[in-house]
Amino acid sequence: MNWKEIEHQMYTMCMVADGDQILLIKRPDYKGFPGYLAPGGKVEFPESITDAAKREVLEETGLHVKNIIFKGWDEYVNPQMNVRYMVFNYLADSFEGSLLADPPEGELQWVSRQDAMDLPMQDWFKRKLPLFFEEGTFEIHSVWDEEHNTEGTSKTRVFTKI
């Protein structure tokens, strides 16, 4: 298939950390992707991917992140719909501002990294959460099974210096 026949959608996610604490959004069921996850969203044209990550954190949390580090990407390929979703992931350990009193995507909570893994969250987010804190960058490639509305094959790689 010609790559021009594939729809490409780009998203960001930015894990905000303060020491051992990470900022997560407790997303309600009615918004889709319920459970805990990090701030993020669509990349708007023509903004840069990094600017999109910073904007999404600000819109969803009220925090201005600084010194963000690119941690990796995950992509979800849907052959039945000819769509490739790409998520560019960042880590921010420096920020300014105050948390929003009424955040648009759900309740904001600081939780310890260790406790976060016990919270209810989507399997795709639970898989990549520890990767934000590992050395190097990561790639997750998943094929979506549209017919069964489930993730099919998936492969995770971490790239580090030898």
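This is a predicted model, so every value here is computed, not measured.

> Please clarify how the pattern of salt bridges should be interpreted in this entry.
Pairs may arise between side chains of opposite charge once their charged atoms sit close together. If you walk through the whole model with that rule in mind, you get 10 salt bridges. Across the pair Arg-27 and Glu-105 runs a salt bridge whose closest N-O atoms are separated by 2.3 Å. One end of the pair, Arg-27, is in strand E2 (residues 21–27); the other, Glu-105, is in the loop between strand E8 (94–97) and strand E9 (107–112), with 78 residues separating them in the sequence. A single network of salt bridges, built from pairs that share partners, joins Glu-44, Glu-47, Arg-55, Glu-56 and Glu-59.

> Looking at this structure, I do not really get the side chain of Arg-27. What am I missing?
The exposure class assigned to Arg-27 is buried, which follows from its relative accessible area of 16%. Separated by 2.3 Å, the side chains of Arg-27 and Glu-105 make a polar contact. Ignoring anything within four residues of it in the chain, the contact list for Arg-27 reads Gly-32, Phe-33, Pro-34, Gly-35, Leu-37 and Glu-105.

> Sorry, what's going on with the pairing of strand E1 (residues 7–18) here?
The two faces of the sheet receive side chains in turn, since in a regular strand these alternate between them. Where E1 and strand E7 (residues 83–92) come together, 10 bridges link them in parallel fashion. What sits directly across from Thr-12, in E7, is Phe-88. Taken together, the 3 bridges between E1 and strand E4 (residues 40–42) define a ladder with antiparallel strand orientation. The residue bridging Tyr-11 from the neighbouring strand is Lys-42, located in E4. Where E1 and E2 come together, 3 bridges link them in antiparallel fashion. Residue pairing across strands places Ala-17 opposite Ile-22, the latter belonging to E2. Between E1 and E2, which follow one another and run antiparallel, lie 2 residues, and Gly-19 among them has a positive phi close to 65°.

About the cut-offs
- Residues numbered from 1 in each chain as written.
- Predicted model: local features only at pLDDT ≥ 70, side-chain atom pairs only at ≥ 80, totals over all residues.
- Heavy atoms only, no water.
- Salt bridge = Lys/Arg side-chain N within 4 Å of Asp/Glu carboxyl O.
- Helix = DSSP H or I, 4+ residues; strand = E, 2+ residues; numbered from the N terminus.
- Buried < 20%, exposed > 50% of the residue type's maximum accessible area, 1.4 Å probe, protein only.
- Polar contact = N/O pair within 3.5 Å; in protein donor to acceptor, adjacent residues only side chain to side chain.
- Contact = heavy atoms within 4.5 Å.
- Pairing = 2+ DSSP bridges.

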